[in-house]
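# Descriptive analysis of the structure
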Amino acid sequence: MKKLLARLPVALGVAVAVVAPLASTAIAVPVAPTAPRAGKLTQVGPIAEHGFPAWFRDSNNVRLEACTTLEDPLCATLPDEVPNPDQPVSYPDNFPGEFFYQLAGAELTLTNGVDATIGMDLEGAWAAEEVREGDQMVFGRIRIRFDAPAGERYRITHPYGIDDIVADDKKGVNMTEDIGTTPGGFGQALTSRVGPFLKWDPAVAPAAPAGYTGDPGVDHKVVGSPYNTNFVRIERLDPVTGSVLSEVGFTDLFSVQGRYATNSGVDLDQATYSVGPDGTGAVEVFATSEPDQVIEIAGNDALGFRGARLRGANGRYYGRFPVTGPVPAGATVEVINQSDQPATHKKRALVDVVRIENVAYDADAQTLSVAASSSDRATRPALSVTGFGPLTGSPFTGVVAPPATITVTSAAGGTATAPLIGSGGTFQPTAPVAAATADTPAIIGQTVRLDGRATVGEVDTYAWTQVSGPQVTLTNPAAALATFVPTTPGAYVFSLAVQGPGGTAVPVTVTVNVTASTVPLANAGTDLTVVRGRTVALDGSRSSAAESYSWRQVSGPAVTLTNATSARPGFVYPVQALPAAPGPNATYVANNDPVVLELTVRNPAGVATDQVIVRPQAETLSNFAFRYRTGTNEWRLSGASNINAGQRVTVVLGSTLTGRVIGTATVDATSAFRVRVTGPVPGTIRTISLVSSTGAQQLALPVTVTN
C-alpha cells in the first residue's frame, strides 16, 4: 500500500497537533475558499454489529463502508491494529483499533527538497484507544505535515479547502484537525471538511477497480472536491501581508482507499407490544434502511409468531405481528435485512407502550396529577413518574416548581413524555424590600451618595427624606440614587421608603458621619518586582481622605490599565517583543525598563500624588552549548534560564540583536531551551546573541563551528 499509515493519537475536537518536546505549536487557520462549497457528507448509515455505522453517504449518493478486514488489499486495515492478525477480524475480541471509510492523501516534494504529506480521511476509532463498547467514534481528519523554518507562512490548497499555517517549531508545519470525536456522535463527522468522497477520475486511465474508489497502491488523479480543487498546491506567503511569495509544491495525484457499500444494513428503531387481559395482542416493529429492501422479522416461539416480511416505503419499514400468549420478561425481537449478503441482523428489547392520558398541575394547591396506562393489560406493569415516584392514583403534593414535561416509565420498559400545562391563580409582585447604603464616613464639601439600588422587588417610587442632622438639600430624592453635599460636621440620618405594585416596603435608615475637610494623602503602594507577561495588581487603598483616584503611566514599556479610576487597578506587564524572523531587524531595540505609574487622589480640600515603580524580575541565561555544523548547515543551540515562565528565547546571528534570526524556542518545565534548525549560513560570523520575552539579553556569545 503506497499510502503510509501510522497509529497516531486522536486530537479531540479541532486541534493543531503539538510536535516534539521543546517545540511550539504551528498556527493554523482554515480559510474559506472563494468558490461556494458544492457537496459534503450527508448521511450516517445504520449501526452495524460492531457499533459503528455500516456506511456513510455523500451528496453524490456515494456510500462507502468500513474497511475493517485484512483480506481485501484494496480496503484493508493495518495488521498491527488487529490483536491477532493471523485470525479473522471479529468483534469485539479481534477488532482493529482504527480503520477507515475513506483513506486519502498526497505526497509531494517541495522545491527545497522537503517532503510534504496531506491526509484527508474519514476514520473510525475508539475514544480510549481500546476496543470498548460505547467508545466508538468516527471523525473527519485533515492532516498537513512538512519541515519548514520557524516563522515561515504557507497557504495549502487541497480538495477540502485552504489552510493558512505559520511554522512555529523545529518540525515546521504540523497540523491535525479532527471533527467528530464524541463517542456515539457519528453525525458530527458530517460537519467536518471531509466530503464528498474522493475517487479516481474516470476520464483518466486506468479505471478504478470495480467496487472501489481506487487502488491505494497507485497514485491517480481524482474527482470529488467540493471546490473543484482536486489537487494540492503549497505556496509560501509573506508573514505579514499574506501575499504569495512563491509556489513551492504542486501535485494532482492522490492515493485513495474506499469500498462502495453493497449492503444497506438495518436499524430497529422501536419494538413494542400491546396485549389484552388474556395476554394476546400484537407486536409492532419500526425499522429503517435503504429503500426497496427485504426486511423480515425472525420467528419467535415465545411470542407465538412466525417469520414474516415488514412493509416498506421511502426507507421506513413497519410490521404488526400476533402475540398468542403472555409476553415473557426480557423478550426481544429480531429483524433481518435479507437483501444484504450476508444478511444483516438487528435485535431490540420488546417494551410496552405507555400512554399519558392527563397531566394537571394546580399552582394554588401545588399538586401534580398524572394519569397514564400501559399497553400490557395482562400483567399491568407498575408505572412511575420520573422525579416523583410511582403512580398510585393520588396526586403528588408539595410540588412547588414542576418540570416543563412529565415522563412516565413502565416496569416493562416503555416510556412516554408529555408537556405540562398548569392551572390556578397567576402570580403577582410581592412588596419590595428596601435596602439603603451611603458613602460614609464623608468630609465637608464632598458629594455623598445615598444608594437604594440594592432594594429587592418591583419598585414604582423611591422617597429619600432626612431624619436628623444638619439640614441639607437632597438632589434626586425621588430616585434610587440621591446625593447631598454637607457643609457642617455631624451625623446625618436619612430614611428610604419604596413602593411597588405589591405594596409598600418597611422604611430603612442610613447614617452618614461627616468630618471636617483634610488634605488627601496619596499612597501608590510599595514598589514591585514581577515576571514580564504576568498580571500586576496595584494598591492605592492606603491613601487617606481620597474622594477620587486616577492612575497614569509615567515611563517604561506601554501598558493598558484596567479600572484606572479605582484604588486597585491592574495591568499586564508586557512581554519583551522578540526580533521578527527571518530578519535582519536593523531597528530592533530591546526595552527592559521598569514601568513607573503615578496615582493622583483628590477631595474638596486638595490634590496629592505618589508614584510606584514596577520592575521586571531579573533573568539570567546560562548553561550554554552552541554549535554549528557546516556540512549539514545545522544549528544546535541550548541553554537554561533562572525563570520558569514558559517564555520564548530568540537566537540572533551576530554580536547584536539586529541580525538574522536563527530560531526561537520555548523554555520548558525544566527551565531549559533548545533550538535545532537548518540555516541560516553564518559566513564568517562566529557569535550569536539571545533575547527572551521575559527581558534577558546576552550578546556576542561564541559559537563552536564544526564540519
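Fair warning: this is a prediction, and the values are worked out from it, not measured in the lab.

Reading the values: rules and limits
Residues numbered from 1 in each chain as written. Predicted model: local features only at pLDDT ≥ 70, side-chain atom pairs only at ≥ 80, totals over all residues. Heavy atoms only, no water. Helix = DSSP H or I, 4+ residues; strand = E, 2+ residues; numbered from the N terminus. Rg over C-alpha atoms; globule rule 2.2 N^0.38 Å. Buried < 20%, exposed > 50% of the residue type's maximum accessible area, 1.4 Å probe, protein only. Contact = heavy atoms within 4.5 Å. Areas by Shrake-Rupley, 256 points an atom, 1.4 Å probe, with all protein chains shown as cover. Lys, Arg positive; Asp, Glu negative; His and termini not counted. Charge placed at Lys NZ, Arg CZ, Asp CG, Glu CD. Pairing = 2+ DSSP bridges. Axes fitted to C-alpha atoms, helices over the stretch in contact; angles between N-to-C directions. pLDDT = per-residue confidence, 0-100. Salt bridge = Lys/Arg side-chain N within 4 Å of Asp/Glu carboxyl O. Phe/Tyr/Trp six-rings, centres within 6.5 Å; stacked < 30°, edge-to-face > 60°. Core = buried A, V, L, I, M, F, W, Y, C linked by side-chain atoms within 4.5 Å. Polar contact = N/O pair within 3.5 Å; in protein donor to acceptor, adjacent residues only side chain to side chain. Patch = residues over 30% accessible without salt bridge, like charges linked within 9 Å, V, L, I, M, F, W, Y side chains within 5 Å.

## Looking at the overall build of the protein chain
Scanning the protein chain for helices and strands turns up zero helices and 54 strands. Against the compact-globule benchmark of 27 Å for 707 residues, the protein chain has a radius of gyration of 37 Å, which places it well outside the compact range. Each principal axis of the C-alpha distribution contributes one length, and for the protein chain these read about 100 × 90 × 45 Å. Burial status across the protein chain gives 46% buried among its 707 residues. In the protein chain, once contacts between residues fewer than 6 apart in sequence are set aside, the share between residues at least 24 apart is 62%. As displayed, the protein chain offers around 32900 Å² of accessible surface, 52% of which is attributable to carbon and sulfur atoms. Of the side-chain charges in the protein chain, 49 are positive and 61 negative, and the distance between the mean point of each set is 5 Å.

## Regarding the sheet that holds strand β52 (residues 687-692)
Across the sheet, four strands lie side by side as β50-β49-β52-β53; this open sheet has antiparallel pairing. One side of each edge strand has no neighbouring strand; the edge strands of this open sheet are β50 (661-666) and β53 (697-702). On average, each strand axis in the sheet is inclined to that of its neighbour by 20°, with strand direction left out of account. As paired elements, strand β49 (residues 648-653) and β50 share five bridges and run antiparallel to each other.

## Thoughts on the confidence of the model for the protein chain
Looking at the protein chain, the pLDDT average stands at 93 and 96% of residues meet or exceed 70. In the predicted structure, residues 1-25 sits below a pLDDT of 50 and forms 79 contacts with residues beyond four places in sequence or in another chain.

## With respect to the pattern of salt bridges
One pass over the full model with this rule turns up 24 salt bridges. For the salt bridge of Glu235 with Arg155, the shortest nitrogen-to-oxygen distance reads 3.0 Å. Of this pair, Glu235 sits in strand β13 (residues 232-237) while Arg155 sits in strand β8 (residues 153-158), and the two are 80 residues apart along the sequence. For Asp439, the salt bridge identified is with Arg449, shortest N-O distance 3.1 Å. Note that Asp439 is positioned in the loop between β33 (437-438) and β34 (442-443) and Arg449 in strand β35 (residues 448-451), a separation of ten residues in sequence. What makes Arg449 partly exposed here is its relative accessible area of 42%. Salt bridges linked by common partners bring Arg57, Arg63 and Glu290 together as one network.

## Some details on the sheet that holds strand β2 (residues 41-44)
Pairing is antiparallel across the open sheet formed by four strands, whose spatial order is β2-β3-β4-β16. Looking along the sheet, the strands with just one partner apiece sit at the ends: β2 and β16 (259-260). Summarising the sheet, strand β4 (residues 63-65) and β16 pair through two bridges and their orientation is antiparallel. Counted as the bridge partner of Glu65 is Arg259 from β16.

## A short note on the pairing of β52
The element β52 is extensively covered by neighbouring structure, given that five of its six residues are classed as buried. Direction of pairing for β49 relative to β52: antiparallel, over a ladder of five bridges. Bridge assignment links Val651 to a residue of β52, and that residue is Leu690. Two strands pair when backbone bridges link them, and β52 and β53 are joined in this way by four bridges, in the antiparallel orientation. Along β53, the bridge assignment pairs Ile688 with Leu701. In this antiparallel pair of consecutive strands, β52 and β53, the connection spans four residues, and Gly695 shows a positive phi of 110°.

## Considering the pairing of strand β27 (residues 367-374)
Examined bridge by bridge, strand β26 (residues 354-362) and β27 share eight bridges and lie antiparallel to one another. Its bridge partner being in β27, Tyr361 is matched across the sheet by Leu368. Hairpin remark: β26 followed by β27, antiparallel, with four residues in the connecting loop; positive phi at Gln366, about 55°.

## Digging into the packing of aromatic side chains
Scanning the model with the defined rule gives 20 aromatic pairs in all. Consider the rings of Tyr91 and Phe95, whose centres lie 5.6 Å apart with planes at 90°: the pair is edge-to-face. Judged by relative accessible area, which is 3%, Phe95 ranks as buried. Among the aromatic residues, ring-to-ring pairing joins Phe52, Phe56, Tyr91, Phe95, Phe99, Tyr101, Trp126 and Phe186 into one connected group.

## Regarding unusual backbone geometry
Between Thr440 and the following residue, Pro441, the backbone shows a cis peptide bond with an omega angle of 0°. Within the secondary structure, Pro441 sits in the loop between β33 and β34. Here Ala581 and Pro582 are connected by a cis peptide whose omega angle stands at 5°. With a phi close to 65°, Asn61 is a non-glycine residue in the positive phi region. On the basis of relative accessible area, Asn61 is assigned to the exposed category, the value being 54%.

## Focus on the nonpolar core
Counting residues in hydrophobic clusters, the biggest one holds 44 residues, and the most contacted among them are Leu122, Ile144, Phe146 and Ile234. Broken down by secondary-structure element, the contributors of at least two residues to this core are β5 (98-109), β6 (115-126), β7 (136-146), β8, β10 (173-179) and β13. Sequence-distant contacts of Phe146, that is, excluding residues within four places in its chain, are made with Leu110, Val114, Asp115, Ala116, Tyr154, Ile156, Lys171, Gly172, Val173 and Ile234. Grouped together as the second largest cluster of nonpolar side chains are 21 residues, Val285, Ile295, Ile297 and Leu350 included.

## Re the environment of Arg568
Its place among the elements puts Arg568 in the loop between β43 (548-555) and β44 (570-572). Considering only alpha carbons, one finds Arg568 and Tyr588, 20 residues apart in sequence, at a separation of 34 Å. If sequence neighbours within four positions are ignored, Arg568 has contacts with Leu538, Asp539 and Ser541. Engagement of the side chain of Arg568 in a polar contact is seen with the side chain of Ser541, the distance being 3.1 Å.

## As for a nonpolar patch on the surface
Taken together, the side chains of Ile27, Val29 and Val31 define a hydrophobic patch exposed on the protein surface, amounting to about 230 Å² of accessible area. If you trace the backbone, Ile27 turns up in strand β1 (residues 27-31).

## Describing the environment of Pro604
With respect to the element layout, Pro604 can be found in the loop between β45 (595-603) and β46 (606-616). Sequence-distant contacts of Pro604, that is, excluding residues within four places in its chain, are made with Ile443, Ile444, Gly445, Gln446 and Glu547.

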